[in-house]
Amino acid sequence: MTEKSQKNRRRSDIPAAVSSNSDELAIELIKINKHFGPVYANRDIDLKIAKGSVHGIVGENGAGKTTLMSILYGFYTADSGKIKVGGKEVKIKDSSHALQLGIGMVHQHFMLVDNFSVLENVILGAEDSVLLAPSKKKARIELARLAEEYELEVDPDALIEDLSVGQQQRVEILKALYRGAEILILDEPTGVLTPAEAAHLFRVFDTLKKQGKTIVLITHKLREIMAITDEVSVMRRGAMVKTLITKETDPSELAELMVGRSVLMEVKKGIANPGDIKLEVRDLEVSDDIGVKRVKGVSLNVRAGEIVGIAGVSGNGQSELLEAIAGMRKPDNGKVIVKGQEIAFKGDDSAAELRLAGLAHVPEDRHEHGLVISFEQWENSILGYSDDDKYGKGLYLSVKACKNEAKKQIEEFDIRPPNPLLKTANFSGGNQQKIVLAREISRDPDVFIVGQPTRGVDIGAIESIHNHIIAMRDAGKAILLVSVELDEIRSLSDRIIVMFDGNIVGEADPDKVNEGELGLLMAGISSQDKDKQEEAFVKDKIANDLANKGAV
Amino acid sequence: MEIFNNIIFLLDSMIRLTVPLLLAALAGLYSERSGVFDIGLEGKMLAGAFGAAVVAYLSGNMWLGMFAGMGIGIVMALIHGIASITFRGNQIIAGVAINFLAAGLTVFLGQSWFKQGGRTPALPEGGRFLAIDLPFADALKDVPIVGGIYSELISGHNIIVYIAFAMVPFTYWLLFKTRFGLRLRATGENPKAVDTAGVNVNFMRYKAVLICGALTGLAGSYLSIALSAGFGLNMTAGMGFIALAALIFAKWRPWYVLWATLLFGFLNAAQIRLQGVELPYIGEVPVQAIQALPYILTVVLLAGFIGKAVGPKAGGIPYVKER
């Protein structure tokens, strides 16, 4: 038996002694800062994680959770700040250093080599001999032991590409344990799992905790947090909002902290006058890039002259729904009907088909999908519409007509600086967003799909963008709006639809619903049609915990 | 017996012509398995051939020549590595630059040093690798069939030929049975997984690229101081590209590389043998048509037969850790 496995074995003989010592800190982060370009991903983060605890970190997508944990794992280096592991200050230079310190991480997108076997993936980087055979032999024995101890069975000779995502995740956990990880960071571990697999994973957590290991769980699913964590830290926009003891909080408080409450901006709008149905979505199912179902059968209607807002904690399928309706992502199932015309979603040109049907789309990520950032403004102002006859016929493109159109858009939308020859990258975020909006609105679409219209946009531009959207509504257009800003949804929408875990879990009247009720809906608390199995499990789990605590 | 002898000669010639392709394709295999596409095999081979010929001519020592050839290959590989690994440049463009650099520099230096139109002077005694006879080659010569195969086909090549063929099982072993190989393959497939496992991705890629340089240098040395007795203008004549084609055809696997390069070597040998020969029904085939055979095959194979050859997944992409 090798030294490492002996050490593990000894540890497994004395589980309770370590976990009871909860005063000891496994990890302490002090004033961590990290930025990518001008954007701060983490700002002055302080965090304490007790040894032997399950610590949750929640926040919306882009709140900086993953960046923070990548810093802890040595994948990124912080710009400033201190890290203490087990009370000692350390500078984590790279991942191998983090591994030496006993920190293992299970990434959201698995770090596995697809055409390698499980065994090869487990020993990669931890081979202790020049030849592979002895390392493999040792790993095979160790894997069998870990499999038994933690219920992590997986065929060591199977290729990763042949395994289910759940099993791939087991390999990731085994990889960390094989390297002797004492602190295990898991990034959105249940996002790709079925409820049964998730339940199994939580049982594994229990065993790990009993062995005195510390678990850091990154997620935006509040029910999981409530069910399995001891403490929970909330992050928002790169900052640490608060750390709470899980028992002393509740989902609606967490939801509020996550989404953040900001001043409700006054938007002047008259009463909606809905007409015919212009956009109809029926039983739409959509998967993301790695094949996980994100939209699980959504049906909705948008009428002429109304704004329908989709609210939800980000990552619950809103983005994928929007992308599918806009023709950027092929749905697995279901129908999209624009002005009575069903969209075929046959080839790669669904977006063009939708545009011809009278739909326009402002994508959530203007840099990635809305603009060619290195083009001049006039080029972006006709992007996607360059085949229109008014810009020249056949191969010919009339630069003059394009520039005239660009000038018209600049004037109408007050894009600053008013220079069509300026590179798009040199406009501010708000003005870039106006360039996209101007282009799509100028086409006078009957159905208008808007994602995150004011993300990263300054206050002045927000107002003008909101007014343009309201004006569209008053002109009798059907508008579907997705935004992470709850206030924006509430002030613009005539109807609010709440999405949770790929389903529509409720509909609300923005004038009657209060923030607390919306927060509960968004956290999936009072939903009727959620996953029964998961629900039952969580109830079970809470009951168990209570029973255990009572017994102690 | 006449036909048998002809076949033996043809195969013997095939083996000699396969060696530079085999070495270059294996060189490419190391580099590309680590995720660095290398279109500069040709240039590194050419530079290696030149370096080997110059040093062998000046020193009269074939071994010094060979090591010089490998050294030049390594230097060229280092340039490729710095451009495409450290500075995350486009690997293909860096490779093209290597090819131009080698093509220009060998002519320029050759002409200004030796004034023989870019060629190097004929090698002195001891400067060229000569054939070595394996034991009993002479004694077995007259045994029918087996004797001919042993004494003509297997025996009587220079040492680089044997090294080249021994590189195939060695590469297989290194790639699939050692820690180095596991990490190398993983780096070409998913560098992030390698990085998170605590292995330095760029360092792995440098190692692979330098091995590639040494092997292309050896391939070049073989051309100038073993197969011929001196460097000739552009003497690689596209062999680096054919090696690249063979590598893709072989799906980046060592044993397949052997078969693929033997096929190309055979066509080359056949091409030389068929020149001026009257074929039944067809008559004499123009030399140019026969010379084009290996290249036509390359196009056909690459376009038609290997539609599903999927290379290392991370190939061609510089590794960037932070977004």
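Residues numbered from 1 in each chain as written. Chains lettered and ligands numbered in written order. Predicted model: local features only at pLDDT ≥ 70, side-chain atom pairs only at ≥ 80, totals over all residues. Heavy atoms only, no water.

Enquirer: Just checking my understanding: could you explain the overall build of chain B for this structure?
Expert: Helix and strand counts for chain B come out as 14 helices and two strands. Its C-alpha radius of gyration of 20 Å places chain B within 12% of the 20 Å reference for a compact globule of 323 residues. Taking the principal axes of its C-alpha atoms as reference, chain B extends roughly 65 × 45 × 40 Å. Burial analysis of chain B (323 residues in total) assigns 52% to the buried set. Carbon together with sulfur atoms contributes 69% to the accessible area of chain B, which is approximately 14300 Å² in total. One finds the centroid of the 22 positive side-chain charges in chain B at a distance of 18 Å from the centroid of its 15 negative side-chain charges. (Helix = DSSP H or I, 4+ residues; strand = E, 2+ residues; numbered from the N terminus. Rg over C-alpha atoms; globule rule 2.2 N^0.38 Å. Buried < 20%, exposed > 50% of the residue type's maximum accessible area, 1.4 Å probe, protein only. Areas by Shrake-Rupley, 256 points an atom, 1.4 Å probe, with all protein chains shown as cover. Lys, Arg positive; Asp, Glu negative; His and termini not counted. Charge placed at Lys NZ, Arg CZ, Asp CG, Glu CD.)

Enquirer: In this structure, what is going on with the sheet that holds strand β3 (residues 54-58) of chain A? I would like to understand it.
Expert: Note: strands within a sheet are paired through backbone hydrogen bonds, in either parallel or antiparallel orientation. Residues and elements named next belong to chain A. Strand order in the open sheet formed by six strands is β6-β7-β8-β3-β9-β10, with mixed pairing between adjacent strands. Here the strands that pair on one side only, and so sit at the sheet edges, are β6 (103-106) and β10 (239-245). Each neighbouring strand pair of the sheet contributes to a mean axis angle of 20 degrees, computed without reference to strand direction. Two strands pair when backbone bridges link them, and β3 and strand β9 (residues 231-236) are joined in this way by four bridges, in the parallel orientation. Looking at the pairing, G56 lines up with V232 of β9. Strands in contact with helix α7 (residues 165-178) are β6 and β7 (183-187); relative to β6, the strand with the most contacts, it is inclined by about 170 degrees. Lying over the sheet, helix α8 (residues 195-210) contacts β3, β7 and β8 (214-219), oriented at roughly 150 degrees with respect to β8. (Pairing = 2+ DSSP bridges. Axes fitted to C-alpha atoms, helices over the stretch in contact; angles between N-to-C directions. Contact = heavy atoms within 4.5 Å.)

Enquirer: I'm lost on helix α6 (residues 146-154) of chain B in this one. Help?
Expert: Given 3.6 residues to a turn, an α-helix orients residues that are three or four positions apart in the same direction. Residues and elements named next belong to chain B. Listing the buried residues of α6 in full gives G147, G148, S151 and L153. If you follow the buried residues of α6, they end up packed against α1 (2-33) and α5 (137-140). Backbone geometry just after α6 places G156 at a positive phi near 80 degrees.

Enquirer: Quick question: what am I supposed to make of the confidence of the model for chain A here?
Expert: Atom-level detail of predicted coordinates should not be read off regions where pLDDT is low. Residue and element names in this part refer to chain A. In the predicted model, chain A carries a mean pLDDT of 84, and the fraction of residues at 70 or more is 89%. Overall, residues 1-22 carries pLDDT values under 50, and its contacts beyond four positions in sequence, including any with other chains, amount to 25 contacts. The low-confidence segment residues 527-531 (pLDDT under 50) makes nine contacts with residues lying over four places distant or belonging to another chain. (pLDDT = per-residue confidence, 0-100.)

Enquirer: Is there a simple way to explain the side chain of B:E42 in this structure?
Expert: Residue and element names in this part refer to chain B. Along the polypeptide, E42 turns up in helix α2 (residues 41-59). Here E42 is buried and forms no salt bridge, its nearest opposite-charge partner K44 lying at an N-O distance of 12 Å. There is a polar contact of 2.8 Å between the side chain of E42 and the backbone nitrogen of G238. Ignoring sequence-local partners within four residues, the contact set of E42 consists of N99, N234, T236, A237, G238, M239, G240 and F241. (Salt bridge = Lys/Arg side-chain N within 4 Å of Asp/Glu carboxyl O. Polar contact = N/O pair within 3.5 Å; in protein donor to acceptor, adjacent residues only side chain to side chain.)

Enquirer: Any chance you could explain the domain arrangement of chain A here in plain terms?
Expert: A common measure of how large an interface is: the accessible area buried when the components associate. With domains assigned, chain A is organised as domain 1 (3-102 + 182-259), domain 2 (108-180) and domain 3 (277-527). Look at where the C-alpha atoms of domain 2 of chain A and domain 3 of chain A centre, and you get two points 43 Å apart. (Domains from an automatic or database assignment.)

Enquirer: Can you walk me through the sheet that holds strand β14 (residues 333-338) of chain A in this structure?
Expert: Residue and element names in this part refer to chain A. Strands sit in the order β12-β11-β14-β15 across an open sheet of four strands; the sheet is antiparallel. On the outer flanks of this sheet lie β12 (293-303) and β15 (341-342), each paired with one strand and no other. Relative to β12, strand β11 (residues 277-287) is paired through eight bridges, and the arrangement is antiparallel. The partner of V281 across the bridge, within β12, is L300. Of the strands in this sheet, β11, β12 and β14 are in contact with helix α11 (residues 318-325), which crosses β11 at around 120 degrees.

Enquirer: I keep staring at the pairing of strand β18 (residues 478-482) of chain A and nothing clicks. Help me out?
Expert: Residue and element names in this part refer to chain A. For β18, the buried fraction is high: five of the five residues fall into the buried class. Alternating residues of β18 divide into A478, L480 and V482 and I479 and L481, and every residue in both groups is buried. As judged from the five bridges shared by strand β13 (residues 306-311) and β18, these two strands associate in the parallel manner. Pairing of V308 across the sheet is with L480, part of β18. With five bridges connecting them, strand β17 (residues 447-451) and β18 associate as parallel partners. Paired with V447 across the two strands is A478, which belongs to β18.

Enquirer: How do you make sense of the environment of A:D206 when you look at a structure like this?
Expert: For A:D206, the location among the structural elements is in helix α8. As for A:D206 and A:V54, which are separated by 152 residues in sequence, their C-alpha atoms are 9.1 Å apart.

Enquirer: How do you make sense of the packing of aromatic side chains when you look at a structure like this?
Expert: Any two aromatic rings considered together are summarised by their centre-to-centre distance and by the angle between their planes. Evaluated as defined, the whole model comprises ten aromatic pairs over all chains. Ring centres of B:F170 and B:W173 lie 6.0 Å apart, and the angle between their planes is 35 degrees; on these two criteria the pair is classed as tilted. Note that B:F170 and B:W173 are positioned in helix α7 (residues 159-177) at a spacing of three residues, about one turn of the helix. Judged by its relative accessible area of 38%, B:W173 falls in the partly exposed class. Taken together through their ring pairs, the aromatic side chains of B:F50, B:Y57, B:W113, B:F114 and B:F231 make up a single cluster. Residue placement shows A:R43 over the ring face of A:Y40; its charged tip is 3.8 Å from the ring centre. One cation-aromatic arrangement involves A:K403 over A:W378; the distance from NZ or CZ to the ring centre is 5.3 Å. (Phe/Tyr/Trp six-rings, centres within 6.5 Å; stacked < 30°, edge-to-face > 60°. Lys NZ or Arg CZ within 6 Å of the ring centre and 35° of its normal.)

Enquirer: Looking at this model, I keep getting lost on the pattern of salt bridges. Mind explaining?
Expert: A pair can form between side chains of opposite charge whenever their charged atoms are brought close. Residues and elements named next belong to chain A. Summed over the entire model, instances satisfying the criterion amount to 40 salt bridges over all chains. The residue K209 makes a salt bridge to D230 at a minimum N-O spacing of 3.2 Å. Of this pair, K209 sits in helix α8 while D230 sits in the loop between α9 (222-228) and β9, placing them 21 residues apart in sequence. Of the residues examined, D230 reaches a relative accessible area of 27% and is grouped as partly exposed. Residue R329 pairs with E323 through a salt bridge whose shortest N-O separation is 2.7 Å. With respect to burial, R329 and E323 carry one shared label: buried. In the salt-bridge network here, residues are joined through shared partners; they are K269, R473, D474 and D494.

Enquirer: Please explain the interface of chain A and chain B as it appears in this structure.
Expert: In this assembly, 32 residues from chain A lie in contact with 24 residues from chain B. Carbon and sulfur atoms make up 58% of the area that chain A and chain B hide from each other, which totals about 2300 Å². Sorting the residues of chain A by area buried against chain B places A:F75, A:L124 and A:L132 first, and these three jointly supply 24% of that buried surface. Across the contact surface, chain A and chain B share three salt bridges. Run the count over chain A and chain B and you get eight residue pairs in polar contact (both at pLDDT 80 or more). A total of three residues in the side of chain A that touches chain B trace back to one element, the largest contributor, which is helix α4 (residues 95-100) of chain A. A per-class count over the side of chain A that touches chain B returns 17 nonpolar, nine polar and six charged. (Buried area = accessible area lost by both parts, 1.4 Å probe. Nonpolar A, V, L, I, M, F, W, Y, C, P; charged D, E, K, R; others polar.)

Enquirer: Explain helix α3 (residues 65-72) of chain A to me, please; I cannot follow it from the model alone.
Expert: All names here are of chain A. Within α3, seven of the eight residues are buried, which leaves the element mostly enclosed by the surrounding structure. Among all positions of α3, only K65, T67, L68, M69, S70, I71 and L72 are buried. Two residues or fewer past α3, G74 is found with a positive phi of approximately 80 degrees.

Enquirer: It is not clear to me how the pairing of β11(A) should be interpreted in this structure. Could you clarify?
Expert: Moving residue by residue along a regular strand, the side chains alternate between the two faces of the sheet. Residues and elements named next belong to chain A. The turn joining β11 and β12, which pair antiparallel and follow one another in sequence, is formed by five residues; a positive phi near 85 degrees is taken by G291. Examined bridge by bridge, β11 and β14 share five bridges and lie antiparallel to one another. The residue bridging E285 from the neighbouring strand is N333, located in β14.

Enquirer: When you look at the packing of helix α8 (residues 179-189) of chain B against helix α10 (residues 201-227) of chain B in this model, what are you seeing that I'm missing?
Expert: For any two helices packed against each other, one specifies the crossing angle of their axes together with the interaxial distance. All names here are of chain B. Interhelical geometry of α8 versus α10 gives an angle of 105 degrees and a closest axis separation of 10 Å. Classed by the angle they form, the pair α8 and α10 counts as roughly perpendicular. Residues F180, R183, L184 and T187 of α8 form the contact with α10, whose own contacting residues are V201, M204, R205, K207, A208 and I211. For the contact of α8 with α10, the class distribution of residues is six nonpolar, one polar and three charged. (Parallel < 35°, antiparallel > 145°, perpendicular 65-115°, else oblique.)

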